[in-house]
Amino acid sequence: MEIDLTPKLAKKIYGDDGGAYHAWCPNDLPMLKEGNIGAAKLFIEKNGFALPRYSDSAKVAYVLQGSGVAGIILPEKEEKVLAIKKGDAIALPFGVTTWWYNKEDTELGILFLGDTKTAHKAGSFTDMFLTGPNGIFTGFSTEFVGRAWDLDEATVKTLVGSQSGKGIVKLPANAKMPEPKKDHYTGMALNCIEAPLDVDIKGGGKVVVLNTKNLPLVGEVGLGADLVMLNGGAMCSPGFSCDSALQVTYIVRGSGRVQVVGVDGKRVLETTIKAGNLFIVPRFFVVSKISDPDGMDWFSIITTPNPIFTHLAGRTSVWKALSTEVLRASFNVPADVEEKFSSKRKAEEIFFPPPN
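Thresholds, definitions, all that
- Residues numbered from 1 in each chain as written.
- Predicted model: local features only at pLDDT ≥ 70, side-chain atom pairs only at ≥ 80, totals over all residues.
- Heavy atoms only, no water.
- Core = buried A, V, L, I, M, F, W, Y, C linked by side-chain atoms within 4.5 Å.
- Buried < 20%, exposed > 50% of the residue type's maximum accessible area, 1.4 Å probe, protein only.
- Helix = DSSP H or I, 4+ residues; strand = E, 2+ residues; numbered from the N terminus.
- Phe/Tyr/Trp six-rings, centres within 6.5 Å; stacked < 30°, edge-to-face > 60°.
- Lys NZ or Arg CZ within 6 Å of the ring centre and 35° of its normal.

## Concerning the nonpolar core
Inference 1: The biggest cluster of nonpolar side chains holds 80 residues, and the ones touching the most others in it are Trp-100 and Phe-299.
Inference 2: If one sorts the elements of this core by residue count, strand S5 (residues 58-65) sits on top with six residues.
Inference 3: The next biggest cluster of nonpolar side chains, apart from the first, holds eight residues, and it includes Val-69, Val-81, Val-169 and Leu-171.

So this is what it looks like as structure tokens:
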């Protein structure tokens, strides 16, 4: 059965004046269910507060826009309060409890990509809220809540019934929230825009890779991630994950074209991509992208914490390692054609600037 790889936009699931939560549905993007991947976005307006929740999935969060405050509680650990801003990547292991708050004028946008192997529904995140009309308190009887927290009935009813907002609420402008601490950020997040570059090719593009070396928590999440910034008109070399990992890509900025080639040399995807699109490349399928004149940035997760990629063009490609005789026999071409093929792309790797 052929799987539809067409890039899709997220759909609004819930929200009010405090903000909104959007997600990609496995029915619209079948590779989510096939690959056990979840994807969602949280947008928080000024004074918006995303209520404390825990999820059935481990995730990587990436701040798409704005700045704000994140509260993160690892199992049986103290609350970490982080100042977050555009470009921050945050590893959220299984069992973590989070809340999010925006006190700035600019909308705060956060992307979530993660593994749904442990989820209630393959390809979807399910959040369990601690408060609100759909929070866990409301499911227990007054007796159970009172016994568990040693509270009288009147206090229990006030505690359980006062929060009417679901998921995201808007707080008063003078609301007091915890102040972020600088030392809480270290080891919990990494700003991909400010981090040292793993790849920097003049006229081509730049890459920052998120792995167990620069953010050890991704090992607990079980995912690797990267931010790719492709220059205008540049090409990303055709390549594939050689360790049986899926690549989940969200277009952060700009636009371009993508082609994916699968089994039997069949082109399974050829389309334009733009900011807001999400698409998934199956295991061992080869993908390549060319950006439009304004360039294109994307954030990807790979379903292994330290991914390995094989590129099929450029200085480090597998073609450069193959002997001359093997190349001629494989392509069934004369020596002059093989020599021309082998003489190209000797210096460039991964990214190729636009033709002169």
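## Concerning the packing of aromatic side chains
Inference 1: Within this structure, the stated rule accounts for nine aromatic pairs.
Inference 2: Taking the centre distance of 4.3 Å and the plane angle of 20° together, the rings of Tyr-62 and Phe-299 count as stacked. With Tyr-62 in strand S5 and Phe-299 in strand S21 (residues 286-302), the pair connects residues that are 237 residues apart, well separated along the chain. Just as Tyr-62 is buried, Phe-299 falls in that class too.
Inference 3: Between Trp-100 and Phe-112, the aromatic rings sit 5.7 Å apart at their centres with planes inclined by 75°, giving edge-to-face as the arrangement. Residue Trp-100 is found in strand S9 (residues 97-102), and its partner Phe-112 is found in strand S10 (residues 108-115); the two are separated by 12 residues along the sequence. An identical accessibility class is assigned to Trp-100 and Phe-112; each is buried.
Inference 4: Clustering of aromatic rings is evident, with ring pairs tying together Tyr-14, Tyr-21 and Phe-129.
Inference 5: In this structure, Lys-59 is placed above the aromatic ring of Phe-112, and the distance from its NZ or CZ to the ring centre is 5.2 Å.
Inference 6: A cation over a ring is seen here: Lys-59 above Phe-125, with NZ or CZ 4.6 Å from the ring centre.

Everything listed here is a matter of geometry and, on its own, says nothing about what the molecule does.
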